Amino acid sequence: MHIMEGFLPSPWWEIWFLVSLPFIVFGVYQLNRLVKERREALPLLAVAGAFVFVLSSLKLPSFTGSCSHPTGTGLGAVLFGPCITGVLGVIVLIFQAVFLAHGGITTLGANVFSMGIAGPVVAWLVYKAGTRAGANTYATVFAAAALADLFTYVVTSIQLALAFPGTTGFLGAFTAFAAIFAITQVPLAIIEGAVIALVFKYIVHLKPEILIRLNLLPESTIQRLKEAAA
Amino acid sequence: MKHGMEIAVAAIIIIFAGVFLFQDAAGDKSWEGADGEAAELIEASGYEPWIEPFWEPPSGEIESLLFALQAAIGAVIIGYVFGYWQAGKKTA
């Protein structure tokens, strides 16, 4: 769930635009290079973007009695890194702000930062650390996507607490917002991680050569994963 | 196990749905959006949003239509690409 239109006072909405901007500019640069030099990866990029579309449109009920939606950004972050995923996030967030009044144009910078950048950075770091440590690939993807989802809403709570410290101060406000956003998100993050890990399995089976070329998995690991599923 | 992961994912989704059905039967939850709850909390402090969305879906039905459309666009792309890869693998 994004920060709604008008719910970030000045200077906060401007600040978050400025914070997000360099990531998006670098993401556009990386995207251009990808389109020119790695054309075979474009269908995979389309899948990553489409995943954000699908998952961020599903508002799911959580055990807290309220609804929120997953982000779907974990897949793009693992495959293409956080900056390209940030660009995908911009597209989805503009769609939702313009057609659905979900999120907002003035809060776009803050929402891009939480969903398109901060979450994906976590996913990307978890994936890199997991593969380097030799952890199970699917478990790593699960953890990357689930933590990205959860961290997105932790950041949303931080953004709101900074803008609205109220009478309790930043920590008190953060606890209140995190109770609404982050706690609700826990089961959704688990589902998101599971679904993205499953999709990753299908990519390993159908297009392992792209994963090798993008330097995401060594050939030996892919061989092992395929044998395990045979 | 060949379909171990599919079974695990299905189990997670079934547990998730089960928890929802159980809680809903107990019947004290509103299932409102978390963003709306945060907005209420902020407005309770006296803050008023300084700008309104320039267009809002006029009803819940129209909103559902647009959310469904968003999901459909994504699902078509995912299905197309995976189908393309699958078929390419078979003919190769």
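Residues numbered from 1 in each chain as written. Chains lettered and ligands numbered in written order. Predicted model: local features only at pLDDT ≥ 70, side-chain atom pairs only at ≥ 80, totals over all residues.

### Some words on the overall build of chain B
1) Next: Counting secondary structure elements, chain B contains 3 helices and 1 strand.
2) Next: Scanning chain B from its N terminus toward the C terminus, one meets helices and strands in the order α-β-α-α.
3) Next: Taking 2.2 N^0.38 as the reference for a compact globule, 92 residues should give roughly 12 Å; the C-alpha atoms of chain B span a radius of gyration of 21 Å, well beyond that estimate.
4) Next: With the C-alpha coordinates aligned to their principal axes, the bounding extent of chain B is approximately 65 × 35 × 25 Å.
5) Next: Taken over 92 residues, chain B has a buried fraction of 12%. (Helix = DSSP H or I, 4+ residues; strand = E, 2+ residues; numbered from the N terminus. Rg over C-alpha atoms; globule rule 2.2 N^0.38 Å. Buried ≥ 20, exposed ≤ 12 C-beta atoms within 10 Å, placed from the backbone.)

### Regarding the environment of Asn136(A)
All names here are of chain A.
1) Next: Considering the arrangement of structural elements, one finds Asn-136 in the loop between helix H5 (108-132) and helix H6 (137-163).
2) Next: Using a count of 13 C-beta atoms within 10 Å as the deciding quantity, one classes Asn-136 as partly exposed.
3) Next: The spacing of Asn-136 and Pro-82 is 54 residues in sequence and 22 Å in space, taken between C-alpha atoms.

### Some words on the domain arrangement of chain B
1) Next: Partitioning chain B into domains gives domain 1 (1-51) and domain 2 (54-92).
2) Next: In this structure, domain 1 of chain B and domain 2 of chain B have C-alpha centres spaced 22 Å apart. (Domains from an automatic or database assignment.)

### Description of the nonpolar core
1) Next: Ranked by size, the top nonpolar core spans 88 residues in total, and within it Ala48(A), Val78(A), Ala123(A), Val141(A), Ala144(A) and Ala145(A) carry the most contacts.
2) Next: Counting residues per element, the ones that place at least two in this core are helix H1 (12-37), helix H2 (42-55), helix H3 (73-80), helix H4 (82-100), H5, H6 and helix H7 (169-206) of chain A together with helix H2 (34-44) of chain B.
3) Next: Ranked by residues supplied to this core, first place goes to H7(A) with 17 residues.
4) Next: Every residue in contact with Ala123(A), bar those within four places of it in the chain, is listed here: Gly74(A), Ala77(A), Val78(A), Ala144(A), Ala145(A), Leu147(A) and Ala148(A). (Core = buried A, V, L, I, M, F, W, Y, C linked by C-beta atoms within 7 Å. Contact = placed C-beta atoms within 7 Å.)

### Structural notes on the packing of H2(A) against H4(A)
All names here are of chain A.
1) Next: In the contact formed by H2 and H4, the axes pass within 10 Å of each other and the chain directions differ by 40°. As judged from the angle between their axes, H2 and H4 are oblique. In the crossing of H2 with H4, the sense of the turn from one axis to the other is right-handed. Residues Ala-48, Gly-49, Val-52 and Phe-53 of H2 form the contact with H4, whose own contacting residues are Leu-88, Gly-89, Ile-91 and Val-92. (Axes fitted to C-alpha atoms, helices over the stretch in contact; angles between N-to-C directions. Parallel < 35°, antiparallel > 145°, perpendicular 65-115°, else oblique. Left-handed = near helix turned anticlockwise from the far one by under 90°.)

### Observations regarding the interface of chain A and chain B
1) Next: Taken together, the contacts link 50 residues of chain A with 49 residues of chain B.
2) Next: Residue assignment for the side of chain A that touches chain B shows that the elements contributing at least two residues are H2, strand S2 (66-68), H4, H6 and H7 of chain A.
3) Next: Tallying contributions element by element places H7(A) first for the side of chain A that touches chain B, with 15 residues.
4) Next: In terms of residue class, the side of chain A that touches chain B is made up of 36 nonpolar, 10 polar and 4 charged.
5) Next: Here S2(A) runs beside strand S1 (residues 32-33) of chain B; their pairing, made up of 2 bridges, is parallel. When the sheet's bridge partners are listed, Ser66(A) is paired in S1(B) with Glu32(B). (Nonpolar A, V, L, I, M, F, W, Y, C, P; charged D, E, K, R; others polar. Pairing = 2+ DSSP bridges.)

### A short note on the sheet that holds S1(B)
1) Next: The 3 strands lie next to each other as S1(A)-S2(A)-S1(B), forming an open sheet whose pairing is mixed. What marks the edges here is a single partner per strand, and that holds for strand S1 (60-61) of chain A together with S1 of chain B.

### Things to note about the environment of Pro11(A)
All names here are of chain A.
1) Next: You can see Pro-11 is positioned in the segment before H1.
2) Next: Pro-11 sits in the exposed class, given 10 other C-beta atoms within 10 Å.
3) Next: With 112 residues separating them in the primary sequence, Pro-11 and Ala-123 have C-alpha atoms 29 Å apart.

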